[in-house]
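Breakdown of the fold
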Amino acid sequence: MTLISPNTVLANALTNVEDFLAPRIRASKPLRIALVVGTQINGAPHAGTSLVQSMAFATAARLHDRHGLPVEVRFSALDNAPHELATDPASGHRYQRAYAHILGTDGITDLVGSLYRPLFDALSERLDVPYSVETYSEQQATVLFRETWLRVLPRLDAARLWLAPSTGVPHLRVPCPQSCGWAEKYAQRTRVELAGRGLARVSAVCLHHGPYTATVTPTGGGYLDLATLYRNMVKELVALAEPDVLQVMVKGTDWMPGSLLVDGALQAVGLTRGQLPARLFCPMIVAETGAKLSKSLIRSGEAALPAGAEPWMLDTRKWPGTVGQFADRLLKLAGLLLSHPRHFFRSYSAAELSRLMSVPTGSPTT
Ligand SMILES: [Zn+2]
């Protein structure tokens, strides 16, 4: 398999892809490394998602070999992704209900079990890298997450233009507690008030039930649904609170500019440059226009299926083979991309991905 990749400043500075973590490993001397990969649970995974997930496992295995430390993959299932949208006829405001509120805990467990676990099991088994799954609903309910949010709330003013540069108002949604689950998408009528140490009051207006107030404490209260950059700031603060574990946030390269804003927010609330979280940006799959391969744009008819794209790239359940074979091909590809920084820190067109994934694997673990 020939693969030609251009040189870049970053690739030129590294011998191995995982060397980018060297300063953090030296500074924090972790006892364990966790690769954290978050995915919106909104339908079947596409090729970009599976690629990022397989990179997380493959990089974890390389870090284990390199540093002799225990490694793991943590899958963060973002079940707060919007499932249903509506417009309030009175105010004209957009409302949303999340997957978590429509499907419930069992429904989300089933969804993750059918769409994600089979590939994770196959990757985990082949590389001997353990993994765990945590939904966003579970994470926002933890004492650590809630305490972190409550602690950052008084300092939010310093970070708000980083988290919402255009409006200065980072959105916080606390869905209607009447178990209807509707929340104002842009939180126009949501007010947050710190009501003492470890207690916040959030008032908002439900699509069906009118005004309501929810309290948020470390151990309970309203469901904390934060806008993406805001959520990432809190999640990354939570990640830093775990002693002896280096958490590496694994993302697609499309996240890179947004992460600069999250870094700004983290520094605005008091972190130093050296405390900022470690992030691994993985190759992105692009159409021939250079735009990210987008399932939703193609489904809505706004973009055409790119030249060379195959049906499984938009819905990995359409892969023509077993999950085990899919995992083998993905790991073969991950090995190739991780073999040189030039191959890793770049994007791949759908046609090139098709070419690279078409080569049969030899031994599954090579
Ligand atoms: Zn309601």
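Residues numbered from 1 in each chain as written. Predicted model: local features only at pLDDT ≥ 70, side-chain atom pairs only at ≥ 80, totals over all residues. Heavy atoms only, no water.

1. Regarding the coordination of the zinc ion
Six octahedral donors at a metal ideally form angles of 90 or 180 degrees, and four tetrahedral donors ideally form angles of 109.5 degrees. Coordination sphere of the zinc ion, protein contribution only: Cys176 (SG), Cys180 (SG), Cys206 (SG) and His209 (ND1), at 2.0 to 2.3 Å. Residue class for His209 comes out partly exposed when judged on its relative accessible area of 40%. (Donors = N, O, S within 2.8 Å, 3.2 Å for Na, K, Ca; no water. Buried < 20%, exposed > 50% of the residue type's maximum accessible area, 1.4 Å probe, protein only.)

2. Examining the sheet that holds strand E4 (residues 94-98)
Whenever strands of a sheet pair, they do so through backbone hydrogen bonds, lying parallel or antiparallel. Read from one edge to the other, the open sheet built from 3 strands follows the order E3-E4-E7, with strand pairing classed as antiparallel. Each edge of the open sheet is held by one strand with a lone partner, namely strand E3 (82-87) and strand E7 (183-184). For E3 and E4, the ladder comprises 5 bridges, and the chain directions are antiparallel. Paired with Pro82 across the two strands is Ala98, which belongs to E4. Contacting E3 and E4, helix H4 (residues 99-115) runs over the sheet at an angle of about 10 degrees to E4. (Pairing = 2+ DSSP bridges. Helix = DSSP H or I, 4+ residues; strand = E, 2+ residues; numbered from the N terminus. Contact = heavy atoms within 4.5 Å. Axes fitted to C-alpha atoms, helices over the stretch in contact; angles between N-to-C directions.)

3. A look at the pattern of salt bridges
Evaluated as defined, the whole model comprises 17 salt bridges. Between Asp328 and Arg126 there is a salt bridge whose closest N-O contact spans 2.5 Å. In this pair, Asp328 is assigned in helix H13 (residues 323-337) and Arg126 in helix H5 (residues 117-127), connecting sequence segments 202 residues apart. Of the residues examined, Asp328 reaches a relative accessible area of 10% and is grouped as buried. Accessibility expressed as a relative area gives 23% for Arg126, which makes it partly exposed. Note that Asp157 and Arg160 form a salt bridge whose closest N and O atoms lie 2.6 Å from each other. Taken together, the positions of Asp157 and Arg160, both in helix H8 (residues 156-163) and 3 residues apart, correspond to about one turn of that helix. The exposure class of Asp157 is exposed, given its relative accessible area of 55%. Among the ionic contacts, a cluster of salt bridges with common partners joins Glu18, Asp19, Arg62 and Arg66. (Salt bridge = Lys/Arg side-chain N within 4 Å of Asp/Glu carboxyl O.)

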